[in-house]
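Letter by letter, the chains look like this.
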Amino acid sequence: MKMKRTWGGWRWTMAVVAALLTMAVLNGCAASDNDNELDDGDEEAADDADAPDGDEDVVEDGDAEAPDGDSDGDDEAIEEEETDEGSGFPEAICKAPPALTAGSWFRRATEEVGIAPDQLAVTGNRLAAVDLDGDDYPDLVVHNVASMMRDDLEADPPVRYKRVLLNRPDPNDATKRVFIDVTDESGYTAIRDGGLGRAANFAIFADLDNDGALDAFSGAYIDKANPQNDPGDRSEILLGDGEGNFSLAEASATTPGPEDLWSTTSAAFTDVNLDGILDIWVGFFYEEWGYLPGLQNRLYIGQGDGTFEDDTDTWNLTTTYRGFDEGDNHKPTYGATVCDVNDDGRPDLVGSSYGRQFNELWRNDGEQFADVSQSSRFASDDNLDFSDNEFYKCYCTVHACDPDPGEPRVQCPLPADSYWSEDDEKSYRLGGNTFTTVCGDWTGDGLPDLFNAEIAHWHIGQSSDPSQLLVNASEDDEILFERPGREATGLVRNHTGSDWNEGDITAMRFDFDLDGYPDLYLGNSDYPGAWGLLFRQIDDGLFQDVTSPSGARHSRANGLAWADFDRDGDLDFVVGSSLARESPWTTAEVHYYRNDVGQDSNAIRLTLIGNGAGSANKSAVGARVKVKTGGRTQTEWVEAGYGHFGMQHEIPLTIGLGAACAIDELEIRWPDSELTVQKWEDVPANYHVTIEEGGEPLFAPLALQ
């Protein structure tokens, strides 16, 4: 293969080379939610630069203009072509993955990392796994359900609803890692008027000012129905220094005024105009609980310094207080997701709606968005049968219904028709209670599919959409999703008894065994007999429930984040615990599940770095990565925040390769205005590869432990 030297060359340090040689010798080369969550809308509340033209500027093997001025452009880079023996890359480190055997693949190791109840006693279920201090070990940010209260730092011991935890070497054992609490020192809970303990519900992280450090959007849910509980704090932008410290940015559109009691539920970073500066898509719930209208979801355009402008109207994302039948109304949004559903390089926007209302899908046309929720069939499924809804049956005991649905199997309310009306028969009330939408290619065709995590109940029946995989069947200019159903995908739920509930509030896509087929973990929560579910993907779009043998069955799992916390090469995860409805938990404990199986497969870890304003954003959010091995292609996207109350996994990508010891072709499409593409061939497995936009891959050990 021809290697083309560009502005940084290979820039290996002797330390890295020595480490790689050591790894090669050692490894050899083988021959081959919570109390405050609302119910599902079926009954009263529960307990408490210019747009691209679609062409891609293809750059082979890093042959791009030097972003830092060290090269005069493409011609000079091409002039220095030379053919090396081999590729110029390090030797592959090959593994022969064993078959999965009986026994736990995950091990609960909460005490080992120091967050157990008798240690740091970390509680919460809004979780973010991000590297705050740049040491390449993911850290953890946790928000409790009651985190819209300020921390009581005067109490003994202090009462904290938010925690910032750095991943550090264990002082008693240098081979292990533990979390240490730096909440106060970090400045994350700084109050605008002074002091610490600011109320906040969740946080997502990315580099907003392109200085190389992660910054935060800290979301605040204000309950308009209970203004007496308003702590006075609002959503904020915090700028990071790359060492785990934060300071409040200048207040701008992302920080509502004191009179704005906005129910912020979710957010995701994106770059809608591909100018190299990140924007934020923010979701809001009902304007006020008990009333049908939701609040306007908003798009905030980044200015590059941590301030934002509200360009919701400019980008044609405005909804109304009416238009329910057409789906033009404000929705009660519980999750915000960004997903390039038609793979044109422009990020599209998803809103996950509660109350059996239509979900939202907005197509990015370059300068405005178009609502394709209905035409794409994403808004809801086609099943409009409500005859098995027990509240409809109650309604029919005092109204003439044709046909007669039969006797209700629930104790009807008084009056019997109080939980049903003629409006409930309309299509906008026959969708789902969607909390989280996950974006990713599960079918191997290069297009992102969507998975909706829903809560559903036996007594609501078919009038509520279940959790399911929506397969992307888009062609040409038409965005279209199909719903093959649970039996076809293997995402089957076996209920015990007739009075079942599905509390799927959170969900995450990750390849736990690194076989090259991403898997699904469902945060099934909030109801008796609920636990987290792990579905292993055994073929493109086909899953198998492996919860029991996996060791990852967590009771009332709510709040999820994956990362390679111990940096052994595979993906671990943390999970929160719901206290709702007779929960077995007395506190919302956060638990750490260590992956003890993925490290046996081949993989690659990718950290992508954009050049900032005018190019790709520094965090490379929205970058598309294609990995080709043995005739099969995996497609991944860099994300920063999604779903219910701002779920976030680590930003670097860990891509499983199964038995493949090298990548036949690695392709990166950068989220810049030209949609620049870089490609490399014969990239060896089992390295952490860092690529700066326009530069060459830098290799480091995959596993640091």
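The following refers to the structure shown. (Residues numbered from 1 in each chain as written. Predicted model: local features only at pLDDT ≥ 70, side-chain atom pairs only at ≥ 80, totals over all residues. Heavy atoms only, no water.)

1. Considering the environment of S421
Here is step 1: The topology assignment puts S421 in the loop between α4 (390-396) and β21 (434-440).
Here is step 2: In this structure, the C-alpha to C-alpha distance between S421 and F391, residues 30 residues apart in sequence, is 9.6 Å. (Helix = DSSP H or I, 4+ residues; strand = E, 2+ residues; numbered from the N terminus.)

2. So, the state of the cysteines
Here is step 1: Evaluated as defined, the whole model comprises three disulfides.
Here is step 2: The disulfide that involves C394 links it to C412, with 2.1 Å between the sulfurs. In this structure, the disulfide formed by C394 and C412 twists by about -85° around the S-S bond and is classed as left-handed. Here C394, found in helix α4, pairs with C412, found in the loop between α4 and β21; they are 18 residues apart in sequence, far enough to count as distant. Here C394 matches C412 in class, with each residue buried.
Here is step 3: Each disulfide pairs two cysteine sulfurs, and for C396 the partner residue is C401, the sulfurs being separated by 2.0 Å. Disulfide C396-C401: torsion about the S-S bond near -95°, hence left-handed. Both residues of the pair, C396 and C401, count as buried. (Disulfide = S-S within 2.5 Å. Buried < 20%, exposed > 50% of the residue type's maximum accessible area, 1.4 Å probe, protein only.)

3. Description of the pairing of strand β26 (residues 519-524)
Along any regular strand, the residues point their side chains to alternate faces of the sheet.
Here is step 1: With six of six residues buried, β26 lies mostly within the body of the structure.
Here is step 2: Neither face of β26 is left uncovered, since the one carrying D519, Y521 and G523 and the one carrying L520, L522 and N524 both have all their residues buried.
Here is step 3: Pairing of strand β25 (residues 501-510) with β26 involves six bridges; the strand directions are antiparallel. Counted as the bridge partner of F510 is D519 from β26. (Pairing = 2+ DSSP bridges.)

4. Quick word on the sheet that holds strand β18 (residues 348-353)
Here is step 1: The strand order β20-β19-β18-β17-β35 describes an open sheet built from five strands, whose pairing is antiparallel. This sheet does not close on itself; its edge strands, each paired only once, are β20 (369-371) and β35 (643-644).
Here is step 2: Both strand β17 (residues 333-339) and β35 contribute to a ladder of two bridges, which runs antiparallel. Bridge pairing links G335 to H644 in β35.

5. Comments concerning the pattern of salt bridges
Should their charged atoms come close, side chains of opposite charge can pair.
Here is step 1: Summed over the entire model, instances satisfying the criterion amount to 43 salt bridges.
Here is step 2: E390 is the partner of K393 in a salt bridge, and the nearest nitrogen-oxygen pair spans 3.2 Å. With K393 and E390 both in helix α4 and three residues apart, this pair spans about one turn of that helix.
Here is step 3: Judged by relative accessible area, E390 falls into the buried class, the value being 1%.
Here is step 4: Between R409 and E390 there is a salt bridge, and its shortest N-O distance comes to 3.7 Å. (Salt bridge = Lys/Arg side-chain N within 4 Å of Asp/Glu carboxyl O.)

6. Overview of the pairing of strand β7 (residues 162-170)
Here is step 1: Burial runs high along β7: seven of the nine residues are buried.
Here is step 2: As judged from the four bridges shared by strand β6 (residues 139-143) and β7, these two strands associate in the antiparallel manner. Bridge assignment links H143 to a residue of β7, and that residue is K162.
Here is step 3: Bridge analysis of β7 against strand β8 (residues 173-181) gives six bridges, and the strand direction is antiparallel. Directly across from L166, in β8, lies its bridge partner I180.

7. Some thoughts on unusual backbone geometry
Here is step 1: Following D402, the chain continues into P403 via a peptide bond in cis, with omega recorded as 0°.
Here is step 2: Looking at the element boundaries, P403 is found in the loop between α4 and β21.
Here is step 3: Cis geometry marks the peptide bond from L414 to P415; its omega dihedral reads -5°.
Here is step 4: Among the secondary structure elements, P415 is positioned in the loop between α4 and β21.
Here is step 5: Non-glycine residue L514 carries a positive phi angle of around 55°.

8. Quick notes on the packing of aromatic side chains
Here is step 1: Enumeration over the complete set of coordinates arrives at 35 aromatic pairs.
Here is step 2: Ring geometry for W442 against F543: centres 6.2 Å apart, planes inclined by 70°, an arrangement best described as edge-to-face. Placement of W442 in the loop between β21 and β22 (449-457) and of F543 in strand β28 (residues 542-545) is noted, with a sequence separation of 101 residues between them. Per residue, the accessibility class of W442 equals that of F543, and both read buried.
Here is step 3: Here a set of aromatic residues connected by ring pairs shows up, and it is made of F202, F217, Y221, F285, Y286, W289, Y334, Y354, F435 and F645.
Here is step 4: Positioned over the ring face of F645 is R126, at 3.7 Å from the centre of the ring.
Here is step 5: Between the NZ or CZ atom of R553 and the centre of the ring of W531, over which it lies, the distance is 3.4 Å. (Phe/Tyr/Trp six-rings, centres within 6.5 Å; stacked < 30°, edge-to-face > 60°. Lys NZ or Arg CZ within 6 Å of the ring centre and 35° of its normal.)

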